[in-house]
Number of protein chains: 2
Amino acid sequence: MEVQVTQENLSRALGNVGRVAGARANLEILHNILLRTENNQLTVAATNLEIASTQRVGAKIIKPGSFTVPAKLITELIATLGKGTIDLKVTNTTLLIKSGKNKATINGVSDEEFPELPIIEKIESEIELPLQLIKDTINQTILTASNDATRPVLTGVYWHTHDGYLYAAATDGYRLSQKRITEHAGELSAIIPTTTLQEVLRTHNDNDDTVQIVFDDTQVIFKLADGEITSRLIDGKFPDYRQLIPSSNETSFTTKTDDVKQIVKLASLFARDSGGSIALSVDTTTNQLTIRSIASEYGENTSDLDVQTSGTDGAVHLNSRYLNDALAVLGSPSFRFGFSGTLSPCVMTADIDEPEYMHIIMPIKS
Amino acid sequence: MEVQVTQENLSRALGNVGRVAGARANLEILHNILLRTENNQLTVAATNLEIASTQRVGAKIIKPGSFTVPAKLITELIATLGKGTIDLKVTNTTLLIKSGKNKATINGVSDEEFPELPIIEKIESEIELPLQLIKDTINQTILTASNDATRPVLTGVYWHTHDGYLYAAATDGYRLSQKRITEHAGELSAIIPTTTLQEVLRTHNDNDDTVQIVFDDTQVIFKLADGEITSRLIDGKFPDYRQLIPSSNETSFTTKTDDVKQIVKLASLFARDSGGSIALSVDTTTNQLTIRSIASEYGENTSDLDVQTSGTDGAVHLNSRYLNDALAVLGSPSFRFGFSGTLSPCVMTADIDEPEYMHIIMPIKS
């Protein structure tokens, strides 16, 4: 193999696929990056057998071929080289990398030991979405997925159709998020691992206006402008989470997101001793939200905020971290918070008609 | 005690002194901040018995007094409150903090348990310097001080006079830095702990054009515009480091600092297996600097750079991290590197007449 590429393109490609190499991989070869010529392009790929990430770089192919080298070393080397043309040449068991007055050799391994990259043979579902909408959906849902490996279906985000819409939803039993993504005529029910969705978030491409997402029974592919991320799906049935969504709330308030962010942060300083528990109470007569936290040893904090209220007076205890997480992803300058007594789920949405995103937090029993 | 202060001023003061509280302190009270009214100011102070840091904040004193509260909690609380006026009031064993619609109480302890803040009774030496010059001097010298507690004198920076100049110097036995700070008529010989100098670097004040540094036999005070940092000096005699400075070099080159930074970074990628060792060689016929590193398992890297040379051809092995550290603090767009064979110290200075800063690195025996 002998090719010529630009440092900028190769460095971006290696940065995108490099994280997958070596992640949770016992096999030595999975710490390597695959370099392979294809037509007038150099394919750069890595896999951990669950996720495979591939990027294509425009290249001048002098001699076709393929080779694998340690991901970390080549990624750091190419990132450190100056801008300009890089010559890559495989000789026997080494890759020679020339750029300006710098010459490096990296010892590598034949691509014969590298696993086959996954392909989708029978397309079950195909969706085209703007990249920004995909990123927003991922950011708004992965935070409520579970880390508990004993219930694998909850460690992913449930992409599915319902009443003519495509939804993404995730829950860890303490909180739940649901995003209505777009109208969609077909049928889909797939649980995508959060690690895969994080890779999609972190992959940088210049030309990704829209992304094609293709599903078969066991896999999903995100087709980006310069490459693909392929992943297995999580096997199993996602719980019927819709029954957890309250149809109405006894108490609710609307207010500015940033104002509540600040007083939740203040309250959390005094909530470390109590597992993050803070008390919200709503006075519908004075239109006041009060957030209070008590650290028996250190002191206590009380913040009042003028809000718009409706319904009856009410109070509820929440984990300040969950509330903080939700405020960070609502994506709206003002929001609505609804609840019914101390035990029912609390519902947060943007303060608009028909919000597309809903975030639910279970109260702490006080 | 009852006072009114602005959030901005109190937050900056707490941020400046807070790091000292609790650092290496076994005594519970040393995790607290001392708040004390003095004339029309609130003094905010912390100490770990080695370093004491004091800041003064303009305040409206309603009732004079003093109190101590946990440093971490009050620092975070005040930093999180919005801009504006803060009311502080001591009632029995708590500090009440009111700001807008936020009320907090923090449990505290009487100042009677707090250690006396150090004072200087007999001034031995007094120097006034621009803050920027002090910060440059600290940045250029602390990196070569030792971490080895078995030779305490080497864990500080040696501020001293020599031939009518004030110098700062530090060495860990592998490298040495020396800064000629300013002309100075008096006599000084003091070893300042690096932890103290780091506090000076990290303390932010708006109005510090010049700083007074006052020494007695055992202490130093850095008098900043809004406060002081007081520290014990390190007891002992600093070694006669000047004998280590070569008077001439057989081989030398001058070049741009950024160019060498890049090729040292490239070389360091392949130097992890060999304890960071990289080889520099200078060819005076072709005016080339070559930096080479070999990782037997992974590969190797060679970079050439056009430089200006003088003297004879030569080669030397260095720790790439030391070279990288030195390049980061030279403070000059181009520099001179001189050495004599493989065993003598290498000398780096800015490429100007009479450079004020000198950085010396001992070679690795190859």
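Residues numbered from 1 in each chain as written. Chains lettered and ligands numbered in written order. Predicted model: local features only at pLDDT ≥ 70, side-chain atom pairs only at ≥ 80, totals over all residues. Heavy atoms only, no water.

Got a minute to help me understand the interface of chain B and chain A in this structure?
It is common to report an interface's size as the accessible area lost on association of the parts. Facing 32 residues of chain B, the contacting portion of chain A comprises 32 residues. With both sides pooled, the region where chain B packs onto chain A buries about 2700 Å², and carbon together with sulfur makes up 48% of that total. Between the two partners, chain B and chain A, sit four salt bridges. We note a salt bridge from A:Lys101 to B:Asp306, for which the minimum N-O separation is 2.9 Å. Our enumeration of links across chain B and chain A arrives at 20 residue pairs in polar contact (both at pLDDT 80 or more). Counting residues per element, the ones that place at least two in the side of chain B that touches chain A are helix H2 (71-80), strand E9 (102-107), helix H5 (257-269) and strand E21 (299-306) of chain B. As judged from the five bridges shared by strand E9 (residues 102-107) of chain A and E21(B), these two strands associate in the antiparallel manner. (Contact = heavy atoms within 4.5 Å. Buried area = accessible area lost by both parts, 1.4 Å probe. Salt bridge = Lys/Arg side-chain N within 4 Å of Asp/Glu carboxyl O. Polar contact = N/O pair within 3.5 Å; in protein donor to acceptor, adjacent residues only side chain to side chain. Helix = DSSP H or I, 4+ residues; strand = E, 2+ residues; numbered from the N terminus. Pairing = 2+ DSSP bridges.)

Is there a simple way to think about the sheet that holds strand E16 (residues 219-224) of chain A in this case?
Remark on secondary structure: sheet strands pair via backbone hydrogen bonds, oriented parallel or antiparallel. Residues and elements named next belong to chain A. Sheet architecture is open: eight strands sit in the order E6-E2-E3-E4-E17-E16-E15-E10, paired in antiparallel fashion. The open sheet has two edge strands, strand E6 (66-70) and strand E10 (125-130), and neither has a second partner. Averaged over neighbouring strand pairs, the angle between their axes works out to 20° when direction is ignored. Pairing geometry for strand E3 (residues 41-47) and strand E4 (residues 51-58), over seven bridges, is antiparallel. Within the sheet, the bridge partner assigned to Thr47 lies in E4 and is Ala52. Packed onto the sheet, helix H1 (residues 7-18) meets strand E2 (32-38), E3 and E4 and runs at close to 175° relative to E4. Against the sheet, helix H2 (residues 71-80) engages E2 and E6, with an angle of about 90° to E6. (Axes fitted to C-alpha atoms, helices over the stretch in contact; angles between N-to-C directions.)

When you look at the relation of the copies chain B and chain A in this model, what are you seeing that I'm missing?
In screw terms, the move from chain B to chain A is a rotation of 180° and a rise of 0.0 Å along the axis, fitting with an RMSD of 0.0 Å. These values place the two chain copies in the arrangement generated by a two-fold rotation axis. For chain B, the minimum C-alpha distance to the rotation axis belongs to B:Arg202 and amounts to 17 Å. A share of 100% of interface residues in chain B that are also interface residues in chain A marks the association as one of identical surfaces. (Least-squares fit on C-alpha atoms with pLDDT ≥ 70 in both.)

Looking at this model, I keep getting lost on a positive patch on the surface. Mind explaining?
Together, A:Lys63, A:Lys89, A:Lys98 and A:Lys103 give the surface a local cluster of positive charge. Structurally, A:Lys63 can be placed in strand E5 (residues 60-63). (Patch = residues over 30% accessible without salt bridge, like charges linked within 9 Å, V, L, I, M, F, W, Y side chains within 5 Å. Areas by Shrake-Rupley, 256 points an atom, 1.4 Å probe, with all protein chains shown as cover. Lys, Arg positive; Asp, Glu negative; His and termini not counted. Charge placed at Lys NZ, Arg CZ, Asp CG, Glu CD.)

I would appreciate a short explanation of the environment of A:Ile51 in the present structure.
All names here are of chain A. Within the secondary structure layout, Ile51 lies in strand E4. Take Ile51: its relative accessible area is 6%, and that puts it in the buried class. Linking Ile51 and Gln219, residues 168 residues apart in sequence, is a C-alpha distance of 9.7 Å. Non-local contacts of Ile51, meaning those with residues more than four positions away in its chain, are made with Val20, Ala46, Thr195, Thr196, Ile229, Thr230 and Ser231. (Buried < 20%, exposed > 50% of the residue type's maximum accessible area, 1.4 Å probe, protein only.)

Just checking my understanding: could you explain the packing of helix H3 (residues 131-141) of chain B against helix H4 (residues 194-202) of chain B for this structure?
When two helices pack together, their arrangement is captured by the angle between the axes and the distance separating the axes. All names here are of chain B. For the pair H3 and H4, the least separation of the axes is 10 Å and the interaxial angle reads 135°. One finds that H3 runs oblique with respect to H4. In this structure, the crossing between H3 and H4 has a hand that is left-handed. Together, Ile134, Lys135, Ile138 and Asn139 of H3 and Leu197, Val200 and Leu201 of H4 make up the contact between the two elements. Residues of the contact of H3 with H4, tallied by class, amount to five nonpolar, one polar and one charged. (Parallel < 35°, antiparallel > 145°, perpendicular 65-115°, else oblique. Left-handed = near helix turned anticlockwise from the far one by under 90°. Nonpolar A, V, L, I, M, F, W, Y, C, P; charged D, E, K, R; others polar.)

Got a minute to help me understand H1(A) in this structure?
Note that an α-helix has 3.6 residues per turn; residues three or four places apart therefore point the same way. When the terminal C-alpha atoms of H1(A) are compared, their 15 Å separation across twelve residues agrees well with the 16 Å that a helix rising 1.5 Å per residue should span. Listed as buried for H1(A) are A:Gln7, A:Leu10, A:Ser11, A:Ala13, A:Leu14, A:Asn16, A:Val17 and A:Gly18. (Expected span 1.5 Å × (residues − 1).)

How should the side chain of B:Ser53 be read in this particular structure?
Structurally, the position occupied by B:Ser53 is in strand E4 (residues 51-58). Beyond its immediate chain neighbours, meaning those up to four positions away, B:Ser53 contacts B:Asn16, B:Val17, B:Val20, B:Val44, B:Ala45, B:Ala46, B:Glu228 and B:Ile229.

Looking at this structure, how should I read the sheet that holds strand E25 (residues 346-350) of chain B?
Residues and elements named next belong to chain B. Pairing in this open sheet of nine strands is antiparallel, and the strands run E14-E11-E12-E13-E26-E25-E24-E18-E22 from one edge to the other. Lying at the two open borders of the sheet, with one neighbouring strand each, are strand E14 (189-193) and strand E22 (308-311). Neighbour-to-neighbour, the strand axes of the sheet open up by a mean angle of 20°, direction not taken into account. Here four bridges tie E25 to strand E26 (residues 357-361), and the two strands are oriented antiparallel to one another. For Met348, the partnering residue across the bridge sits in E26 and is His359. Packed onto the sheet, helix H6 (residues 320-329) meets strand E13 (175-183), strand E24 (334-339), E25 and E26 and runs at close to 175° relative to E26.

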